Amino acid sequence: MPVEILPLGLNDPVATVAASVPASPQNLHFLARMMKDVMSSSGIVQAMQEKEKKAQAAKLDAAVTSGDIDAEAADKARRILGFA
């Protein structure tokens, strides 16, 4: 069975579908919905949100360490942002 080598950047299923489907508004809507469904079902969105929270927490810690803000302000920011 021959193996098809796709051009660079088309080695994932979503890009393969995007490259093989003509660009019409209906097809683009279908593709966007499919990508949203794949992302939500595989937990990608949750992982991205957790990564962003960790990055924001690290920035707050760095700001406290460097003296840009005090610890009380950082704690308040954590509570406001929802990762206290």
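It should be emphasised that the depicted structure is a prediction, and the values quoted were computed from it without experimental measurement.

Trainee: Which parts of the structure should I look at to understand the overall build of the chain?
Mentor: Secondary structure summary: the chain contains 4 helices and 0 strands in total. Walking the chain from its N terminus toward its C terminus, one meets helices and strands in the order α-α-α-α. Across the 84 residues that make up the chain, the buried fraction comes to 10%. As presented, the chain carries roughly 6900 Å² of accessible surface, and 63% of it is formed by carbon and sulfur atoms.

Trainee: Mind showing me how you'd approach the packing of helix α2 (residues 25-42) against helix α3 (residues 44-66) here?
Mentor: Packed helices, taken two at a time, are described by the angle between their axes plus the distance between the axes. Close contact between α2 and α3 brings their axes to 5 Å; oriented N to C, the two are set at 70 degrees. On the basis of their axis angle, the class for α2 and α3 is roughly perpendicular. Only Ile44, Val45, Gln46 and Met48 of α3 make contact with α2, whose side of the interface consists of Met39, Ser40 and Ser42. Broken down by class, the residue content of the contact of α2 with α3 amounts to 4 nonpolar, 3 polar and no charged.

Trainee: Help me understand the confidence of the model for the chain, please; the structure alone is not making it clear to me.
Mentor: The predicted structure's coordinates, where accompanied by low pLDDT, should not be read in detail. On average, residues of the chain carry a pLDDT of 79, and 73% of them reach 70 or more. Confidence, read as mean pLDDT per element, is least for helix α1 (residues 13-20) in the chain (61) and greatest for helix α4 (residues 71-81) (91).

Trainee: Would you explain α3 in this entry?
Mentor: Side chains of residues three or four places apart in an α-helix project in the same direction, reflecting 3.6 residues per turn. Counted at 1.5 Å a residue, the expected span for α3 with its 23 residues is 33 Å, and the 33 Å between its end C-alpha atoms agrees. Those residues of α3 that sit buried are Ala57, Leu60 and Ala63. Gly67, located one to two residues past α3, shows a positive phi value of around 90 degrees.

Trainee: Would you explain the pattern of salt bridges in this entry?
Mentor: When their charged atoms lie close together, side chains carrying opposite charge are able to pair. For the coordinates displayed, the defined rule picks out 2 salt bridges. A salt bridge links Asp61 to Arg78; the shortest N-O distance between them is 2.2 Å. Pair noted here: Asp61 is in helix α3 and Arg78 is in helix α4, with a separation of 17 residues, a long-range link. Given a relative accessible area of 14%, Arg78 falls into the buried group.

Trainee: Mind showing me how you'd approach α2 here?
Mentor: With 18 residues, α2 should reach 26 Å at 1.5 Å per residue; the first-to-last C-alpha distance of 26 Å fits that figure. Directly after α2, the chain includes Gly43, whose backbone phi takes a positive value near 80 degrees.

Trainee: What is the right way to read the packing of α3 against α4 from this model?
Mentor: Between α3 and α4, whose axes approach to 9 Å, the crossing angle comes to 170 degrees. Considering their axes alone, α3 and α4 lie roughly antiparallel with respect to each other. In terms of crossing hand, the pair formed by α3 and α4 is right-handed. Contacts between α3 and α4 pair Ala57, Leu60, Asp61 and Val64 from the former with Ala71, Ala74, Ala77 and Arg78 from the latter. Here the contact of α3 with α4 is built from residues that sort into 6 nonpolar, no polar and 2 charged.

Definitions and limits used
- Residues numbered from 1 in each chain as written.
- Predicted model: local features only at pLDDT ≥ 70, side-chain atom pairs only at ≥ 80, totals over all residues.
- Heavy atoms only, no water.
- Helix = DSSP H or I, 4+ residues; strand = E, 2+ residues; numbered from the N terminus.
- Buried < 20%, exposed > 50% of the residue type's maximum accessible area, 1.4 Å probe, protein only.
- Areas by Shrake-Rupley, 256 points an atom, 1.4 Å probe, with all protein chains shown as cover.
- Axes fitted to C-alpha atoms, helices over the stretch in contact; angles between N-to-C directions.
- Parallel < 35°, antiparallel > 145°, perpendicular 65-115°, else oblique.
- Contact = heavy atoms within 4.5 Å.
- Nonpolar A, V, L, I, M, F, W, Y, C, P; charged D, E, K, R; others polar.
- pLDDT = per-residue confidence, 0-100.
- Expected span 1.5 Å × (residues − 1).
- Salt bridge = Lys/Arg side-chain N within 4 Å of Asp/Glu carboxyl O.
- Left-handed = near helix turned anticlockwise from the far one by under 90°.

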